[in-house]
Every structure is written in structure tokens, then in C-alpha cells.
Amino acid sequence: MTIGFIGLGIMGKPMAKNLLKAGHSIVCYDVNAANVADVVASGAVAGKSSADVASQVPVVITMLPNSPHVKSVVLGKDGVLEGASEGLILIDMSSIAPLASQEVEKACAEKGVRMLDAPVSGGEPKAIDGSLAIMVGGEKALFEEMKDILLVMGASAVHCGPIGAGNTTKLANQVIVALNIAAVAEAFTLVRKAGVDPHLVFDAIKGGLAGSTVMNAKAPMMMDSNFKPGFKIDLHIKDLANAMDTAHSVGSPLPLTASVREMMETLHADGFGGDDHSALARFYAKVSGTTIGE
Ligand code: NAD
């Protein structure tokens, strides 16, 4: 199938390349010309705009930073809906506010365009090896129709409910990941400060109840003081802000999320918004005077 792919950043680039490897053709677009050139070098064709991409394909995938980017790329000037014919399918794989997914879907439906929200978890490594966890909202029948395409990029794709349910699920994921990283940073700072080697602590506890995918991925980064993204602090602030807005709208307070969001805001203010979210360790270094790494 020929698939449109818009948004070729850390995640979109490897996802588009996996679709190419699986035998699909790709027409792609990004405002960053270097990212387009990279995917074109792997066999994709460049579109001139989001509208141009949409006019050439039956399915468009978007992988953009946040709600305003998705609204502008789909609903705005030279956007997907300008180029779309009736029957086009839009799969938005960005992590955005569930309410924004619902707004975009409504505008799509008025033009006869069907839409799924299908955000992902797993980060760049799983985007590269095609083993993302994909959480999907929208019509069940459309999900079934698109499942094979999703499973080129992911190891799992679960239908979570109507449009927006994929992004509600992703917000839960991001709350759990943020709090887990903060817990690892807090505990590993404690052991370093108390004079115990964090590497030995990691080996001792990773197979027990405290062990987690987050700890396996992020504790080694903290111990190496390697905060190259990965997943940027600024994108995680965006997710926690969306989680808090959504939670407040349904009357579900998020006291722990609020604390970790403020830690991330501190890092942003200190100029570390482009670091990986494992840089929560920097917050603890600031308040304890001790770094986890040597
Ligand atoms: P990124 O910033 O690396 O990539 C975003 C891309 O969108 C960039 O190439 C940018 O140029 C492009 N873009 C922005 N505005 C555009 C426009 N108007 N038209 C066309 N292209 C435009 O971000 P990313 O890390 O790839 O994340 C993308 C989404 O995936 C985000 O919602 C993020 O929260 C989510 N996500 C990221 C990770 C991760 O580990 N990086 C993991 C899971 C989910």
C-alpha cells in the first residue's frame, strides 16, 4: 500500500523506514528538510506539503509533537483535509490531548475522512526495531482494517475504546513512566549519598519487586550521566500537562504527577528541556549536591 507519513522526528523516521522495509511505499513530509532527505534516502518519495501527501495516498500517518501541531497539519492551511478525498484514513500516532483527537476526528468525519488515534510507547529503540506498544482509539472496525499496518511498527496494538481512548491510555502510561523514573532517581541518589555503589544496588534489586522496564532502561543512563534523548523532558512536560488537564476535567486529582511535573519544569528552566527524561536525576543532584554517576 502507499502510505503518507507526516512528522519524521526521533520516532517518525524509524517508523516510516519500517513501513518501507515491510514493502509499503511512502510519501512523506516534514517541515525539517534534513529529516525528509533521510527517509527519502531509504526509498520514500517527498511530498510538497501535508495536503500534497494526503492527495496521493489512501492512508496518512502523523507523528507530531503535540495537539497544536496535529490540528495545524490536519485542519490548517495546506493541511491533510485540504488534500484529502472522501474515504481517506488518518492514523494519528502522536501523543496529544484526548479532547484534541476528538476535535480533529469530528472535522475529519465532516469531510468523509475516518480517523484513529494510535499513540505509542517504547521510545526510539522500539521504534527502530518495530516493537512499539500501540494504544488505539476509534471505530473497532477501522482498527481491525488498519491492524496489519500498525503491527509493522509495533509488537502490540490494542483497541482501547472510541476516539481519544488511545491518548487517554497514553496519558496513563506517561504518568506511570514519569513517576517510576523519579522514584529511580530519588532512590539511586539516596544510595550514592549513603556511600553504596549504585551499580551493585541495580544488580541486587532489578530482579525483585522494584525492578521495572523503566529502571532497566533509565538507571544505567543515570549511572553514566548520559542524558542524550530518547524522550525529551519538554515532551514529557507536555504529556503531564495533558494528563493533568484531562484528569481535572473528570475530577481525578494527580498529586504525584503534579510534583514530578514541577521537577521537570525546574529542569526546563535550568536549560535541560532537551535532555532525556532520565535527567530527572539532575533535579536530585541539584537538591542533594550528589550525582548518581561517578
Ligand atoms: P520530534 O520532535 O523528534 O519529531 C517531531 C517531528 O515533527 C519533527 O521532525 C518536526 O520537524 C515535525 N513537525 C513539527 N511540526 C510540523 C508540521 N507543521 N508539519 C510537518 N512536520 C512537523 O518528536 P518525537 O520524539 O518523534 O515524538 C513525536 C511524538 O511521539 C510526540 O507526540 C511524542 O510525545 C511521542 N512519543 C515520543 C517518544 C520518544 O521516545 N521520542 C516515545 C513515545 C511517543
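Just so we're clear, the structure is a prediction, and the values are computed from it rather than from any experiment.

*Asks:* How do you make sense of the domain arrangement of the protein chain when you look at a structure like this?
*Replies:* Examined at the domain level, the protein chain breaks down into domain 1 (2-162) and domain 2 (168-288). Both faces combined, the contact of domain 1 with domain 2 buries some 980 Å², and carbon together with sulfur accounts for 58% of it. Taken together, the connections running from domain 1 to domain 2 amount to zero salt bridges. Connecting domain 1 to domain 2 are five residue pairs in polar contact (both at pLDDT 80 or more). Counted by class, the side of domain 1 that touches domain 2 contains nine nonpolar, four polar and one charged residues.

*Asks:* Would you mind going over the site of the ligand with me for this structure?
*Replies:* Taken together, the neighbourhood of the ligand is formed by 26 residues, with Ile10, Met11, Asp30, Pro65 and Lys238 sitting nearest. Within the backbone of Ile10, a nitrogen or oxygen atom sits 2.9 Å from an oxygen atom of the ligand. Take Asp30: an N or O atom from its side chain is 2.6 Å from an oxygen atom of the ligand. Against a free-state accessible area of 830 Å², the protein chains account for coverage of 88% of the ligand. Breaking the shell around the ligand down by element, the ones donating at least two residues are α4 (67-75), α7 (123-128) and α12 (233-249). By residue class, the composition of the shell around the ligand is 13 nonpolar, nine polar and four charged. Mapped onto the domain boundaries, the shell around the ligand takes at least three residues apiece from domain 1 (2-162) and domain 2 (168-288).

About the criteria used
Residues numbered from 1 in each chain as written. Predicted model: local features only at pLDDT ≥ 70, side-chain atom pairs only at ≥ 80, totals over all residues. Heavy atoms only, no water. Domains from an automatic or database assignment. Buried area = accessible area lost by both parts, 1.4 Å probe. Salt bridge = Lys/Arg side-chain N within 4 Å of Asp/Glu carboxyl O. Polar contact = N/O pair within 3.5 Å; in protein donor to acceptor, adjacent residues only side chain to side chain. Nonpolar A, V, L, I, M, F, W, Y, C, P; charged D, E, K, R; others polar. Near = heavy atom within 4 Å. Areas by Shrake-Rupley, 256 points an atom, 1.4 Å probe, with all protein chains shown as cover. Helix = DSSP H or I, 4+ residues; strand = E, 2+ residues; numbered from the N terminus.

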